[in-house]
Amino acid sequence: MDLWLKYRVENNYWVNDRKEPYATSNLLVRHVLPRLGDISINAITVEDIRDVLVPIWTTKTITAKKALRNIRAILNWARAMNYSKSAEDLCSLQGPLGVLMEGARKNAVRKENFAALPYERIPSFVYALYHLEGTSRWMMMFAILTASRMKAVRLATWGEIDFENRLWDIPPEHDKIKDPKRDRTIYLSQQAIEVLEKVRPNRARADELVFKTNKGGSFSDAATTALIRRMHAKQKALDGIGWIDPDKSRREGEVCIITAHGTARSGFRTWAKDDRLGNNRQYDQEAAELCLLHSKSSDEYHGAYDRARLSTERQRLMDNWGKFCFSLVSDSLASISEGNT
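Every residue gets a number counted from 1 within its own chain, in the order that chain's sequence is written. Reporting of local features is limited, given that this is a predicted model, to residues whose pLDDT is at least 70; pairs of side-chain atoms are given and counted only at 80 or more, and all residues count toward the totals for whole chains, interfaces and linings. No hydrogens and no water enter the side-chain calculation; it runs on all heavy atoms of the structure.

## Looking at the overall build of the protein chain
Next, step 1: When helices and strands are tallied, the protein chain shows 18 helices and three strands.
Next, step 2: By its C-alpha atoms, the protein chain is 85 × 45 × 45 Å across when sized along the principal axes.
Next, step 3: Buried means the residue's accessible area, taken with a 1.4 Å probe over protein chains only, is under 20% of the maximum for its type, while exposed means over 50%, and partly exposed covers the values in between. Considering the protein chain as a whole, with its 341 residues, one finds that 42% of them fall into the buried category.
Next, step 4: In the protein chain, the proportion of contacts linking residues at least 24 apart, taken out of those at least 6 apart, comes to 64%.
Next, step 5: Accessible areas in this description were obtained via Shrake-Rupley with a 1.4 Å probe; residue shielding takes into account the shown protein chains only. Of the accessible surface of the protein chain, which amounts to about 19,300 Å², a share of 50% is contributed by carbon and sulfur atoms.
Next, step 6: As used throughout, the charge tally considers Lys and Arg to be positive and Asp and Glu to be negative, leaving His and the chain termini uncounted. The atoms used to mark charge sites are NZ of Lys, CZ of Arg, CG of Asp and CD of Glu. When the 53 basic and 44 acidic side-chain charges of the protein chain are each reduced to a single mean position, those positions are 3 Å apart. Under the scheme used here, helices are H or I runs from DSSP no shorter than 4 residues and strands are E runs no shorter than 2 residues, and both carry numbers assigned from the N terminus. Contacts are residue-level and defined by heavy atoms, with any inter-residue pair within 4.5 Å sufficient.

Here it is as structure tokens:
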């Protein structure tokens, strides 16, 4: 295992994610080595791999699948380095391993979505954010307005923002998928630009973080979670409910406080296709997927030939989403303006 990890590090396999070698090592130490650590690479059997996976497949399915991918990668590497002479794919779930794993796979815990606020309540949530203090509220608001993953928002720098054309180009190292040919352009609404202006310094360096802590560093996911939980407690004191995902709470039988990821991305996607609003007919649904940086198709050829960026439709979608999210804020500001005249 150590040789495989060293090989990947030396060949820049994880160059865009410095934490991954440690995460992979910890996963192997915790779940794989206790069963396979003392077995020669040439003596590993399908049954041995099954014994690694079965104890965690039904309760930690994602972890089990990562373990399986890593075991396969190690065995393939061992063959390439001539440490192993076996040509058999012991890790294929379409082969003997799949037969041995039938029970565990059938009873695996269904993957749950991130807890998300129903899109109808997002204007109220944004209004609540707007009247808080601190930079983290602008960061959360920007994530919602751009329907973006929090990692890209937390690590965004001013050099990625094109104010004139209202564009945000996310670099590969901040994206979930590292494909260099991937379109990572986010089209910014006027509301998103306004949020950026709230935190924009007079002279911003290209490599300077857009959303900084008081010490100048990037926010953590924990900071966003803490912000939401504070907001939830305050809202619950007002309405007895708080900021929760009602559907997920009902399914799981417990209160599920919303997440930044679920609210920003699921909220936008549900709004963009909601038939009660007529959005399913008003907006191009492929453009909505592209706004989320989802690939056009899982077909290996479709993406190669279809290079349409749907930029006009994506900009229209984000403009209207921005207006929707800021509807209560805009009404409030208009009322204040009228009262001052």
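## Description of the sheet that holds strand β1 (residues 161-162)
Next, step 1: At least two bridges found by DSSP between two strands is the condition for calling them paired. Read from one edge of the open sheet, three strands run β1-β2-β3, paired in antiparallel fashion. Edge positions in the sheet fall to β1 and β3 (185-187), since each has one partner strand and no second.

## Examining the side chain of T24
Next, step 1: Note on placement: T24 falls in helix α2 (residues 20-36).
Next, step 2: With relative accessibility at 4%, the residue T24 sits in the buried group.
Next, step 3: Those residues in contact with T24 that sit more than four places away from it in its chain are W4, L5, W14 and N70.

## Observations regarding the packing of aromatic side chains
Next, step 1: Only Phe, Tyr and Trp rings take part, Trp by its six-membered ring, and two of them pair if their centres are within 6.5 Å. Stacked means planes under 30 degrees apart, edge-to-face means over 60, and tilted covers everything else. Overall, the coordinates contain 15 aromatic pairs when judged by the stated rule.
Next, step 2: Whether a charge lies above a ring is judged from NZ of Lys or CZ of Arg, which has to be within 6 Å of the ring centre and within 35 degrees of the ring normal. Over the aromatic face of F163 sits the side chain of R200, whose NZ or CZ is 3.8 Å from the ring centroid.

## Observations regarding the confidence of the model for the protein chain
Next, step 1: A residue's pLDDT is the predictor's confidence in that residue, given on a scale from 0 to 100. When pLDDT is averaged across the protein chain, the result is 89; 92% of the residues are at 70 or more.
Next, step 2: Note that pLDDT drops below 50 for residues 297-302; the model gives that stretch two contacts with residues more than four away or on any other chain.

## Let's talk about helix α10 (residues 190-199)
Next, step 1: Among the residues of α10, those classed as buried are Q191, A192, I193, V195, L196 and V199.
Next, step 2: Of the surrounding secondary structure, the elements contacted by the buried residues of α10 are α8 (136-146), β1 and α17 (311-325).

## So, the nonpolar core
Next, step 1: Only buried residues count toward a nonpolar core. Its members are Ala, Val, Leu, Ile, Met, Phe, Trp, Tyr and Cys residues joined through side-chain atoms within 4.5 Å. Ranked by size, the top nonpolar core spans 60 residues in total, and within it I144, W168, F211 and F268 carry the most contacts.
Next, step 2: Residue contacts for F268: discarding those within four places in its chain leaves A147, T263, A288, C291, L292, L317, M318 and W321.

## Some points on a positive patch on the surface
Next, step 1: Patch membership requires more than 30% relative accessible area and the absence of a salt bridge. Residues of like charge join within 9 Å; the nonpolar side chains Val, Leu, Ile, Met, Phe, Trp and Tyr join within 5 Å. In what follows, salt bridge is the name for a side-chain nitrogen of Lys or Arg lying within 4 Å of a carboxyl oxygen of Asp or Glu. A cluster of basic residues, K65, K66, R69 and R105, forms a positive patch at the surface.
Next, step 2: A per-element tally of the positive patch places helix α4 (residues 61-80) first, with three residues.

## Brief notes about the packing of helix α7 (residues 122-130) against α8
Next, step 1: Axis angles are defined between N-to-C directions and span 0 to 180 degrees, where every axis is a line fitted to C-alpha atoms and, for a helix, only to the segment in contact. Relative orientation of the contacting elements α7 and α8 amounts to 155°, with a least axis distance of 9 Å. With respect to α8, the axis of α7 lies roughly antiparallel. Between α7 and α8 lies a crossing whose hand is left-handed. Residues I122, F125, V126, L129 and Y130 of α7 form the contact with α8, whose own contacting residues are R137, W138, M140, M141 and I144.
Next, step 2: Taken together, the residues of the contact of α7 with α8 break down into nine nonpolar, no polar and one charged. For classification purposes, angles smaller than 35 degrees are called roughly parallel, those larger than 145 roughly antiparallel, those between 65 and 115 roughly perpendicular, and all remaining angles oblique. What makes a crossing left-handed is the near helix being turned counterclockwise from the far one by less than a right angle; a clockwise turn instead makes it right-handed. Gly falls in the polar group here, along with every residue not listed as nonpolar (Ala, Val, Leu, Ile, Met, Phe, Trp, Tyr, Cys, Pro) or charged (Asp, Glu, Lys, Arg).

## Focus on a nonpolar patch on the surface
Next, step 1: Judged by side-chain polarity, L3, Y7, M81 and Y83 come together as a nonpolar surface patch covering roughly 390 Å² of accessible area.
Next, step 2: Tracing the backbone shows L3 in helix α1 (residues 2-10).
Next, step 3: Accessibility expressed as a relative area gives 52% for L3, which makes it exposed.

## Notes on the packing of α2 against helix α3 (residues 46-57)
Each packed pair of helices is defined by two parameters, the angle between the axes and the distance between the axes.
Next, step 1: With their axes 9 Å apart at the nearest point, α2 and α3 run at an angle of 145° to one another. At the point where α2 passes α3, the crossing takes the right-handed sense. Where α2 abuts α3, its residues H31, V32, R35 and L36 lie against D48, D51, V52 and I56.
Next, step 2: Counted by class, the contact of α2 with α3 contains four nonpolar, one polar and three charged residues.

## Here we look at the pattern of salt bridges
Next, step 1: All told, the structure shown has 22 salt bridges when counted by the stated rule.
Next, step 2: Residues D51 and R50 are paired through a salt bridge, measuring 3.1 Å at the closest nitrogen-oxygen approach.
Next, step 3: Judged by relative accessible area, which is 24%, R50 ranks as partly exposed.
Next, step 4: Each of R35, D48, R50 and D51 takes part in salt bridges that share partners, so that together they form one network.

## Re α3
Next, step 1: Multiply 1.5 Å by the residue count of a helix minus one, and that product is the helix's expected span. The first and last C-alpha atoms of α3 sit 15 Å apart over 12 residues, in line with the 16 Å expected at 1.5 Å per residue.
Next, step 2: Taken together, the buried residues of α3 touch α2, α4, α5 (96-100) and α6 (102-106).

## Points about the environment of E252
Next, step 1: Here E252 shows up in helix α12 (residues 246-252).
Next, step 2: On the accessibility criterion, E252 (35% relative accessible area) is partly exposed.
Next, step 3: It is 40 Å that separates the C-alpha atoms of E252 and W4, two residues lying 248 residues apart in sequence.

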